[in-house]
Amino acid sequence: MPWRRRSGWLLTLAALAAGCTEDSCEEDWVLDQLVDAESESELLDVRLLQTQFTQHRGPVKQEEPVQSDHVMSVDHNGKVCMLCNQPLPERITRPYEAFRKDCGKYSSPSGPSLDIMALPAVQLGGGAAEGFCALNFAKSCADAVANQDYLYFAKGIDFNHPSMSSNVRWDGRYCRLNGFLETQVLQLHRNFTALQQHADELCRTKYAKHGIERLSFLDMLQLSKQEDSNAPSLEEAEMMAAWNCAMGDLGCDMAMCAYSFCKQGDSHTALYGECPGWTPVEGMPDGG
Ligand SMILES: *[C@@H]1O[C@H](CO)[C@@H](O)[C@H](O)[C@H]1NC(C)=O
């Protein structure tokens, strides 16, 4: 998924899942990452998050997810939910009635466990965004499918939000390298059936060579080298798309790309209103 996946908060989540508190971590990879990062501030984040989730523990009464942050929230079952937002009000053109309450099977009050993160994503649910639902990660992709509108997902992500700002460059590049900013995708992305068919076909063909059956959430985290200004490579961008196939739907990311980014010159992308003709309701013009 877009985005979103690779900043400090995801690392923090992995650390949390690994049971890292101070300087103890059972998972070597997570430990390495933490050492690489400015450990002090990252570990502080872990403690803050733990406090936050401890305070929220226990069922939350509200119908809708509690917005504790743009990226992280706690669902109606008291489980951590990431990227679970409904569309921003100023972007909506239609009412959305479907809102799944049966997601988060593999989440918990402190997020998914490390064991779950290490499982091949295809084992989490398979098909029709069920992996996103079961993990409570990009759960709004499952809601987008339930509403038969991939723009539901795209319109729930705000790359201008401070917690997303460090994802803009990586995600724009991911979108461009995968061809998700091309006219063909732009012309399809408002038609749910058409985009779903196209996404399924790409998963069966172009992305099949990336080992969709094996990719796990931890693989996805490792692909997310947001701090590297040359990342993602073409290979990494395609593997990230393949991971979305494994989670059950590539259409959400394709729509997120088409709605949010446009190509700028040979190697850059621009965001939202920086692109000619973009509006919050309509997104990008179909011609690119
Ligand atoms: C959406 O795409 C499907 C499948 O390609 C097509 O049959 C249908 O006519 C399209 N709908 C609209 C409103 O363009």
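Keep in mind it's a predicted model, so treat the numbers as computed, not measured.

Enquirer: Mind laying out the overall build of the chain, listing which residues take part and the relevant values?
Expert: In terms of regular secondary structure, the chain is built from 13 helices and five strands. Relative to its full complement of 288 residues, the chain shows a buried share of 46%. Sequence separation of 24 or more characterises 70% of the internal contacts of the chain that already satisfy a separation of 6 or more.

Enquirer: Give me helix H12 (residues 234–247): which residues, what numbers.
Expert: For H12, with 14 residues, the first-to-last C-alpha span of 20 Å sits near the 20 Å given by 1.5 Å per residue. Counting buried residues in H12 gives 10 out of 14 residues, a clear majority hidden from the surface. Buried residues belonging to H12 abut helix H5 (130–135), helix H8 (168–177), helix H10 (192–204), helix H11 (217–223) and helix H13 (251–260).

Enquirer: Break down the pairing of strand E4 (residues 261–264) for me, citing the residues and quoting the values.
Expert: Pairing of E4 with strand E5 (residues 268–271), which is carried by four bridges, proceeds in the antiparallel orientation. Residue Phe 261 lies in a different strand from E5, and its bridge partner there is Leu 271.

Enquirer: Report on the environment of Asn 136, specifying residues and quantitative values.
Expert: Checked against the element boundaries, Asn 136 lands in the loop between H5 and helix H6 (139–146). By C-beta crowding, Asn 136 is classed as buried, having 27 other C-beta atoms within 10 Å. For the pair Asn 136 and Lys 79, spaced 57 residues apart in the sequence, the C-alpha separation amounts to 8.2 Å. If we ignore the near neighbours within four places in the chain, the residues touching Asn 136 are Asp 75, Lys 79, Val 80, Cys 81, Met 82, Cys 84, Cys 103, Gly 104 and Ser 107.

Enquirer: An account of H8 is needed here, citing residue identities and associated values.
Expert: Judged by how many residues are buried, H8 sits mostly within the fold: seven of 10 residues are covered. Three or more residues of H8 are buried, namely Trp 170, Asp 171, Gly 172, Arg 173, Tyr 174, Cys 175 and Arg 176. Just past H8, the residue Gly 179 takes up positive phi, approximately 80 degrees.

Enquirer: How would you summarise the nonpolar core if you had to cite specific residues and measurements?
Expert: In this structure, Ala 255 and Ala 258 are the most contacted members of the largest nonpolar core, which totals 69 residues. For this core, the leading source of residues is H12, giving nine residues. With near-sequence residues (within four places) excluded, Ala 258 lies in contact with Phe 180, Leu 181, Val 185, Leu 186, His 189 and Met 284.

Enquirer: Can you lay out the packing of H10 against H13 for me, pointing to particular residues and giving the numbers?
Expert: For any two helices packed against each other, one specifies the crossing angle of their axes together with the interaxial distance. Look at H10 against H13: their axes get within 9 Å of each other, and the N-to-C directions meet at 115 degrees. The two elements H10 and H13 cross, and the hand of that crossing is right-handed. Here Leu 195, Gln 196 and Ala 199 of H10 come into contact with H13, specifically with Gly 251, Met 254 and Ala 255.

Enquirer: Give a detailed account of unusual backbone geometry, specifying residues and quantitative values.
Expert: With an omega of -5 degrees, the peptide bond running from Ala 231 to Pro 232 counts as cis. For Pro 232, the location among the structural elements is in the loop between H11 and H12. Look at Asn 136: it is not a glycine, yet its phi comes out positive at around 55 degrees. With a phi close to 55 degrees, Gln 148 is a non-glycine residue in the positive phi region. Summarising the element assignment, Gln 148 is placed in the loop between H6 and helix H7 (151–154). By C-beta crowding, Gln 148 is classed as exposed, having 12 other C-beta atoms within 10 Å.

Enquirer: Kindly report on the environment of Trp 243, identifying the contributing residues and their values.
Expert: Here Trp 243 lies in helix H12. Measuring from C-alpha to C-alpha, the distance between Trp 243 and Arg 214 comes to 8.9 Å, with 29 residues separating the pair along the chain. Excluding anything up to four places from it in sequence, Trp 243 contacts Ala 121, Leu 215, Asp 219 and Met 220.

Enquirer: Quick one: what's the story with the environment of Cys 133, residue by residue and with numbers?
Expert: By secondary structure assignment, the location of Cys 133 is in helix H5. Classification of Cys 133 as buried rests on a count of 28 C-beta atoms within 10 Å. Cys 133 sits 33 residues away from Arg 100 along the chain, and the two C-alpha atoms are 8.4 Å apart. Other than its neighbours up to four places away in sequence, Cys 133 contacts Arg 100, Cys 103, Gly 125, Lys 139 and Ala 142.

Enquirer: Explain the confidence of the model for the chain to me, and be specific about the residues and the numbers.
Expert: Here the chain averages 82 in pLDDT, while 75% of its residues score no lower than 70. Of all secondary-structure elements in the chain, the lowest mean pLDDT belongs to helix H3 (residues 39–56), at 43, while H13 reaches the highest, 98. Low confidence marks residues 1–8, where pLDDT is under 50. Its contacts with residues over four positions away, or in another chain, come to 30 contacts. In the predicted structure, residues 34–67 sits below a pLDDT of 50 and forms 47 contacts with residues beyond four places in sequence or in another chain.

So, how was this worked out
Residues numbered from 1 in each chain as written. Predicted model: local features only at pLDDT ≥ 70, side-chain atom pairs only at ≥ 80, totals over all residues. Helix = DSSP H or I, 4+ residues; strand = E, 2+ residues; numbered from the N terminus. Buried ≥ 20, exposed ≤ 12 C-beta atoms within 10 Å, placed from the backbone. Contact = placed C-beta atoms within 7 Å. Expected span 1.5 Å × (residues − 1). Pairing = 2+ DSSP bridges. Core = buried A, V, L, I, M, F, W, Y, C linked by C-beta atoms within 7 Å. Axes fitted to C-alpha atoms, helices over the stretch in contact; angles between N-to-C directions. Left-handed = near helix turned anticlockwise from the far one by under 90°. pLDDT = per-residue confidence, 0-100.

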